[in-house]
Amino acid sequence: MAFFDRFRAAKTMAAVYDREYAAILAQDYDALSRLTPRKAQALTALTQEDITPDELGHLKTLAARNQRLLEATSKGIRSVTDRLAALKEKKPDFQTYGPGGQVAPMARKPLTIKRNS
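Residues numbered from 1 in each chain as written. Predicted model: local features only at pLDDT ≥ 70, side-chain atom pairs only at ≥ 80, totals over all residues. Heavy atoms only, no water.

Okay, the overall build of the protein chain next. If you tally the helices and strands in the protein chain, you get four helices and two strands. The buried share of the protein chain, reckoned over its 117 residues, is 19%. Partitioning the contacts of the protein chain with sequence separation of at least 6, the portion at a separation of at least 24 is 57%. On the protein chain, roughly 9800 Å² of surface is accessible, and the fraction owed to carbon and sulfur atoms is 58%. (Helix = DSSP H or I, 4+ residues; strand = E, 2+ residues; numbered from the N terminus. Buried < 20%, exposed > 50% of the residue type's maximum accessible area, 1.4 Å probe, protein only. Contact = heavy atoms within 4.5 Å. Areas by Shrake-Rupley, 256 points an atom, 1.4 Å probe, with all protein chains shown as cover.)

And the structure:
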């Protein structure tokens, strides 16, 4: 059974990366924070065991995949917050050109309809 114990750390780390990937796709950021201690334990176990270059390459691929996804998620969130901030800003009044060719503000008109009785 000792032969199979050698591969336990690499498989555990791969499982953590897979759970992390699923949490990112599901936008479950609480699950990501709960995975952090398990990820740290798995990384510590990896440093204490012999791992083949193939296993290390596979783990590197999984880590890079998750990093790309997290960066894209972060970029999307930043884009949304920037857009919301831009929408909240007060827009200047519409400007047009007056008869003399100078820029003149165009006043906003109320959107209510007045009835003549």
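Let us look at the packing of aromatic side chains. Any pair of aromatic rings gets described here by the distance separating the centres and the angle formed by the planes. Under the criterion given, the structure shown has zero aromatic pairs. The ring of Tyr21 has Arg65 sitting right over it, with the charged end atom 3.9 Å from the ring centre. (Phe/Tyr/Trp six-rings, centres within 6.5 Å; stacked < 30°, edge-to-face > 60°. Lys NZ or Arg CZ within 6 Å of the ring centre and 35° of its normal.)

A side chain with one charge can pair with a side chain of the opposite charge if their charged atoms come near. If you walk through the whole model with that rule in mind, you get two salt bridges. Salt-bridge contacts for Asp18 lead to Arg65; the nearest nitrogen and oxygen are separated by 3.3 Å. With Asp18 in helix H2 (residues 8-25) and Arg65 in helix H4 (residues 53-88), this pair connects stretches of sequence that are 47 residues apart. The partner of Glu20 in a salt bridge is Lys39, and the shortest N-O contact between them spans 2.9 Å. (Salt bridge = Lys/Arg side-chain N within 4 Å of Asp/Glu carboxyl O.)

Packing of H2 against H4 brings their axes to within 10 Å, and their N-to-C directions diverge by 20°. The orientation of H2 with respect to H4, classified from their angle, is roughly parallel. Seen along the crossing, H2 lies across H4 with a hand that is left-handed. Judged by residue contacts, Ala10, Met13, Ala14, Tyr17, Asp18, Glu20, Tyr21, Ile24 and Leu25 of H2 engage Glu55, Leu59, Leu62, Ala63, Arg65, Asn66, Leu69, Leu70 and Thr73 from H4. Across the contact of H2 with H4, the residue classes break down as 12 nonpolar, two polar and four charged. (Axes fitted to C-alpha atoms, helices over the stretch in contact; angles between N-to-C directions. Parallel < 35°, antiparallel > 145°, perpendicular 65-115°, else oblique. Left-handed = near helix turned anticlockwise from the far one by under 90°. Nonpolar A, V, L, I, M, F, W, Y, C, P; charged D, E, K, R; others polar.)

A few words now on the environment of Thr81. Examined against the element boundaries, Thr81 turns out to sit in helix H4. The class for Thr81 is partly exposed, based on a relative accessible area of 42%. Within the local environment of Thr81, its side chain forms a polar contact with the backbone oxygen of Arg78, the two atoms lying 2.9 Å apart. (Polar contact = N/O pair within 3.5 Å; in protein donor to acceptor, adjacent residues only side chain to side chain.)

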